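A structural walkthrough
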Amino acid sequence: MQRIIRNIAIASLTVPLFLAAQSSNVTLPQDKGPDKVDVSKYPADQQKGYKVFVDKCAKCHTIARPINTTMTAPEWSRYVKRMMHKPNSGISDAQGKTIYEFLAYDQETRKDKNASAFFKSLSDEEIEKLKASQH
């Protein structure tokens, strides 16, 4: 029983440290691209989703980062869930679902048609190399 409690205590200390290491103290290539999407022709629910996306995601990193990144739907799902668990993200489950639905729609509608115009998502290892080279 003590081992379980100790493991939980260690996990509760290391997970926040891992998430803090993922913060946006690095400039990615995606950050240098456009920081807006013209959603005027998107369905009304996606236009509302875009507003939630901008409001919540810009709190932690440039909004250009996800706008200029291409991922598959499962990758977007994993990414949004990861962002929801970041300290101070303030993203509720419902907002996370809305953000994911917008990102998946935008991926299919805008990015998949011209994938070469966008950057493929970077792995954690690639981000760590960028962090190291920028310090």
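Higher on the page you've got the structure.
Everything quoted here is computed from the prediction, not taken from an experiment.

**Section: helix H5 (residues 93–111)**
With 19 residues, H5 should reach 27 Å at 1.5 Å per residue; the first-to-last C-alpha distance of 25 Å fits that figure. Every buried residue of H5 is accounted for by Gly96, Ile99, Phe102, Leu103, Ala104, Asp106, Gln107 and Lys111. Where H5 is buried, its residues contact helix H2 (44–57), helix H3 (64–67), strand S1 (69–70) and helix H4 (73–84).

**Thoughts on the packing of H4 against H5**
Between H4 and H5, whose axes approach to 9 Å, the crossing angle comes to 145°. Considering how the two elements wind past one another, H4 and H5 form a crossing that is right-handed. Two secondary-structure elements touch here, H4 through Ala73, Trp76, Ser77, Val80 and Met84 and H5 through Asp93, Gly96, Ile99, Tyr100, Leu103, Gln107 and Lys111.

**What to know about unusual backbone geometry**
Here the phi dihedral of Asn88 falls at roughly 65°; this positive angle occurs in a residue that is not glycine. Checked against the element boundaries, Asn88 lands in the loop between H4 and H5.

**Regarding the pattern of salt bridges**
A complete count under the given rule lists seven salt bridges for this structure. A salt bridge links Arg65 to Asp31; the nearest nitrogen and oxygen atoms lie 2.8 Å apart. Of the two residues, Arg65 sits in helix H3 while Asp31 sits in the loop between helix H1 (2–21) and H2, which places them 34 residues apart along the sequence. Grouping residues by exposure puts Arg65 and Asp31 together as buried. Arg82 is the salt-bridge partner of Asp124, the closest N and O atoms lying 2.8 Å from each other. With a gap of 42 residues between them, Asp124 in helix H6 (residues 124–134) and Arg82 in helix H4 connect regions that are remote in the sequence. Given a relative accessible area of 27%, Asp124 falls into the partly exposed group. Taking relative accessible area as the criterion, Arg82 reaches 19% and is therefore assigned buried.

**Describing the packing of aromatic side chains**
According to the stated counting rule, one finds six aromatic pairs in the structure shown. Measuring from centroid to centroid gives 5.4 Å for Tyr50 and Phe102, while their planes differ by 55°, and the two rings are tilted. Of the two residues, Tyr50 is situated in helix H2 and Phe102 in helix H5; the sequence distance between them amounts to 52 residues. For the pair Tyr50 and Phe102, one class covers both residues: buried. One aromatic cluster is present, formed by Tyr42, Tyr50, Phe53, Phe102 and Tyr105 through successive ring pairs.

**Here's the deal with the packing of H2 against H5**
For the pair H2 and H5, interaxial distance at closest approach is 8 Å and the crossing angle is 115°. The pairing of H2 with H5 is recorded here as roughly perpendicular in orientation. For the pair H2 and H5, the crossing hand works out as left-handed. Facing H2, whose interface residues are Gln46, Gly49, Tyr50, Val52, Phe53, Lys56 and Cys57, H5 presents Gln95, Thr98, Ile99, Glu101, Phe102, Leu103 and Tyr105.

**Observations regarding the nonpolar core**
Ranked by internal contacts, the top residues of the largest apolar core, which has 18 residues, are Val37, Val39, Tyr50, Phe53, Ile99, Phe102 and Leu103. Breaking this core down by element, the ones donating at least two residues are H2, H4 and H5. The greatest single-element share of this core, amounting to five residues, is contributed by H4. Phe53 has contacts with Ala58, Ile63, Pro66, Ile67, Ile99, Phe102 and Leu103, leaving out every residue within four places of it along the chain.

Cut-offs applied
Residues numbered from 1 in each chain as written. Predicted model: local features only at pLDDT ≥ 70, side-chain atom pairs only at ≥ 80, totals over all residues. Heavy atoms only, no water. Helix = DSSP H or I, 4+ residues; strand = E, 2+ residues; numbered from the N terminus. Expected span 1.5 Å × (residues − 1). Buried < 20%, exposed > 50% of the residue type's maximum accessible area, 1.4 Å probe, protein only. Contact = heavy atoms within 4.5 Å. Axes fitted to C-alpha atoms, helices over the stretch in contact; angles between N-to-C directions. Left-handed = near helix turned anticlockwise from the far one by under 90°. Salt bridge = Lys/Arg side-chain N within 4 Å of Asp/Glu carboxyl O. Phe/Tyr/Trp six-rings, centres within 6.5 Å; stacked < 30°, edge-to-face > 60°. Parallel < 35°, antiparallel > 145°, perpendicular 65-115°, else oblique. Core = buried A, V, L, I, M, F, W, Y, C linked by side-chain atoms within 4.5 Å.

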